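# Chain and residue survey
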Amino acid sequence: MADVHPIKAWDQYPWLSAGFSTRQGGATAVYGAPGEMNLGWTKEDDPAVVAENRACLVSLVTNDDLVGWQLVTMRQVHGNTVRVVVNDGSPLFTPEGKAVVEADGLTTNERGLMLGVQTADCVPVLLADTRLRAVAALHAGWRGTVARIAEHGVATMEREFGSRAEDLVAAIGPAIRRCCFAVGEEVRERFAAEFVYADDLFLKDAGQLYADLHMANQRQLIGVGLSPDAITTIAECSACSRAADGQRRYFSHRAERGITGRMMSVIGARTD
Ligand SMILES: [Zn+2]
């Protein structure tokens with residue numbers, strides 16, 4: 001059975017469907033034990049299996065079938081571009097099912113569009129406007145975080161839809177945490193050049209520097225006006241969290257040296 005993190009703080013919004021996948025459940029057999037939930041078009045996995053896993057995820061998150069939902073993903077490039085998705089009939093996928101849009105954030109105020117961000121250590125950030133029922137999905141690795149993707153996501157919703165920061169809620173998903181995210185001095189220097197609070201985001205232990213991307217994204221969201229109470233963080237590390245059976249709970253690019261699957265974090269407003 002697939003294991004998807006619901007966002008309990010969002011149970012009060014019945015119009016909203018969202019969740020963070022893990023690697024448990026699904027039909028993937030190429031990354032370890034069979035029955036895993038790879039959601040990316042990786043070169044190792046069978047596209048038919050990935051498509052099945054994606055349909056399973058949307059079905060789980062929405063508690064129903066796929067009728068009325070369209071999953072939209074993007075070609076992620078570690079930048080800070082946030083694209084508005086409109087369901088105007090223009091193609092959102094190639095005939096092979098690959099994403100057309102190149103971006104690191106998607107946002108929409110249309111219902112029935114399930115926005116997805118793929119990660120395997122990077123931070124997925126989901127945003128919802130509880131007044132206007134607009135949503136966003138953001139991809140925040142360290143480069144996207146330095147480039148202020150979370151701030152850009154909020155700013156795009158404000159500009160395009162008239163969202164107000166006080167109406168936004170955020171959910172930050174499983175990602176590589178400070179316990180495992182060893183980085184070089186050059187990463188700290190990049191953050192120090194951008195953020196006055198950069199020192200808070202790094203810890204040096206036994207001569208090794210570690211970065212806290214969860215905190216970095218929380219700080220960005222608070223900095224643009226979200227209340228800390230409006231931010232839910234799934235404080236699990238993609239590189240070292242284990243499921244009850246001892247298997248890795250997440251795909252981790254770092255821990256598995258690049259040969260791994262992808263989680264997907266999704267958010268959408270229901271049509272009913
Ligand atoms: Zn860890």
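An account of the accompanying structure is given in this report. (Residues numbered from 1 in each chain as written. Predicted model: local features only at pLDDT ≥ 70, side-chain atom pairs only at ≥ 80, totals over all residues. Heavy atoms only, no water.)

## Description of the overall build of the protein chain
What the protein chain contains, in helices and strands, is five helices and 15 strands. Whereas a compact globule of 272 residues would reach a radius of gyration of roughly 19 Å, the protein chain reaches 18 Å, a difference of no more than 12%. Counting only C-alpha atoms and orienting by the principal axes, one finds that the protein chain spans roughly 50 × 45 × 35 Å. Looking at the 272 residues of the protein chain, the share that counts as buried comes to 53%. In the protein chain, of all internal contacts separated by at least 6 residues, the share reaching a separation of at least 24 is 67%. Surface exposure of the protein chain reaches about 11600 Å², of which carbon and sulfur atoms provide 48%. Distance between charge centroids for the protein chain: 3 Å, based on 27 positive and 34 negative side chains. (Helix = DSSP H or I, 4+ residues; strand = E, 2+ residues; numbered from the N terminus. Rg over C-alpha atoms; globule rule 2.2 N^0.38 Å. Buried < 20%, exposed > 50% of the residue type's maximum accessible area, 1.4 Å probe, protein only. Contact = heavy atoms within 4.5 Å. Areas by Shrake-Rupley, 256 points an atom, 1.4 Å probe, with all protein chains shown as cover. Lys, Arg positive; Asp, Glu negative; His and termini not counted. Charge placed at Lys NZ, Arg CZ, Asp CG, Glu CD.)

## As for the coordination of the zinc ion
All of the protein donors around the zinc ion are Cys 179 (SG), Cys 180 (SG), Cys 237 (SG) and Cys 240 (SG); their distances to the metal are 2.3 Å. Angles of 104 to 118° at the metal separate the four donor atoms of the zinc ion, which places the site in the tetrahedral class. (Donors = N, O, S within 2.8 Å, 3.2 Å for Na, K, Ca; no water. Tetrahedral: all angles 85-135°; square planar, octahedral: opposite > 155°, others 65-115°.)

## Side note on the sheet that holds strand 14 (residues 231–233)
Here six strands make up an open sheet; going across it, the order is 5-6-9-8-10-14 and the pairing mixed. Among the strands making up the open sheet, the edge pair consists of strand 5 (82–84) and strand 14. Across the sheet, the mean angle from the axis of one strand to that of its neighbour is 15°, orientation sign disregarded. Relative to strand 9 (residues 135–140), strand 6 (residues 105–108) runs antiparallel, the two being bridged by four bridges. The partner of Thr 108 across the bridge, within strand 9, is Val 135. Against the sheet, helix 5 (residues 213–223) engages strand 8 (123–129), strand 9, strand 10 (168–172) and strand 14, with an angle of about 25° to strand 8. (Pairing = 2+ DSSP bridges. Axes fitted to C-alpha atoms, helices over the stretch in contact; angles between N-to-C directions.)

## What about the pairing of strand 15 (residues 263–269)?
Most of strand 15 is tucked away, with seven of its seven residues classed as buried. Judged by which residues are buried, strand 15 turns out to be covered on both faces: Met 263, Ser 265, Ile 267 and Ala 269 on one side and Met 264, Val 266 and Gly 268 on the other are all buried. Direction of pairing for strand 2 (residues 16–21) relative to strand 15: antiparallel, over a ladder of five bridges. The residue of strand 15 that forms the bridge with Leu 16 is Ala 269. Bridge analysis of strand 7 (residues 113–119) against strand 15 gives five bridges, and the strand direction is antiparallel. If you follow Val 117 over to strand 15, its bridge partner there is Ser 265.

## A closer look at the nonpolar core
Within soluble globular proteins, side chains that are nonpolar tend to cluster in buried spots. Val 125, Leu 127, Phe 191, Phe 202 and Leu 221 are the most contacted members of the largest nonpolar core, which has 38 residues in total. Counting only elements with at least two residues in this core, the list comes to strand 8, strand 9, helix 2 (142–146), helix 3 (149–161), strand 10, helix 4 (185–194), strand 13 (208–211) and helix 5. Looking at this core, the element that brings in the most residues is helix 3, giving five residues. In this structure, Leu 221 is in contact with Val 125, Leu 127, Ala 150, Val 154, Ala 170, Ile 172, Leu 226 and Ile 231, ignoring residues within four places of it in sequence. (Core = buried A, V, L, I, M, F, W, Y, C linked by side-chain atoms within 4.5 Å.)

## Considerations on the packing of aromatic side chains
Taken as a whole and assessed by the stated rule, the structure comprises five aromatic pairs. Aromatic pair Tyr 13 and Trp 15: ring centres 6.4 Å apart, planes at 55°, arrangement tilted. Since its relative accessible area comes to 7%, Trp 15 is described here as buried. Of the aromatic side chains, those joined through ring pairs into one cluster are Phe 191, Phe 195, Tyr 197 and Phe 202. When the ring centre of Tyr 197 is taken as reference, the NZ or CZ atom of Arg 219 above it lies at 4.3 Å. (Phe/Tyr/Trp six-rings, centres within 6.5 Å; stacked < 30°, edge-to-face > 60°. Lys NZ or Arg CZ within 6 Å of the ring centre and 35° of its normal.)

## Looking at the pattern of salt bridges
Using the criterion set out here, one finds 15 salt bridges in the structure. For Glu 194, the salt bridge is made with Arg 148, and the minimal N-O distance between the two is 2.9 Å. Residue Glu 194 is located in helix 4, and its partner Arg 148 is located in the loop between helix 2 and helix 3; the two are separated by 46 residues in the primary sequence. A relative accessible area of 22% places Arg 148 in the partly exposed class. Its salt-bridge partner being Arg 164, residue Glu 166 comes within 3.7 Å of it at the nearest N-O pair. Under the relative-accessibility criterion, Glu 166 is labelled exposed at 60%. Residue classification places Arg 164 among the partly exposed residues on the basis of a relative accessible area of 36%. Overlapping salt bridges bring together Arg 131, Arg 164, Glu 166 and Asp 167 as one network. (Salt bridge = Lys/Arg side-chain N within 4 Å of Asp/Glu carboxyl O.)

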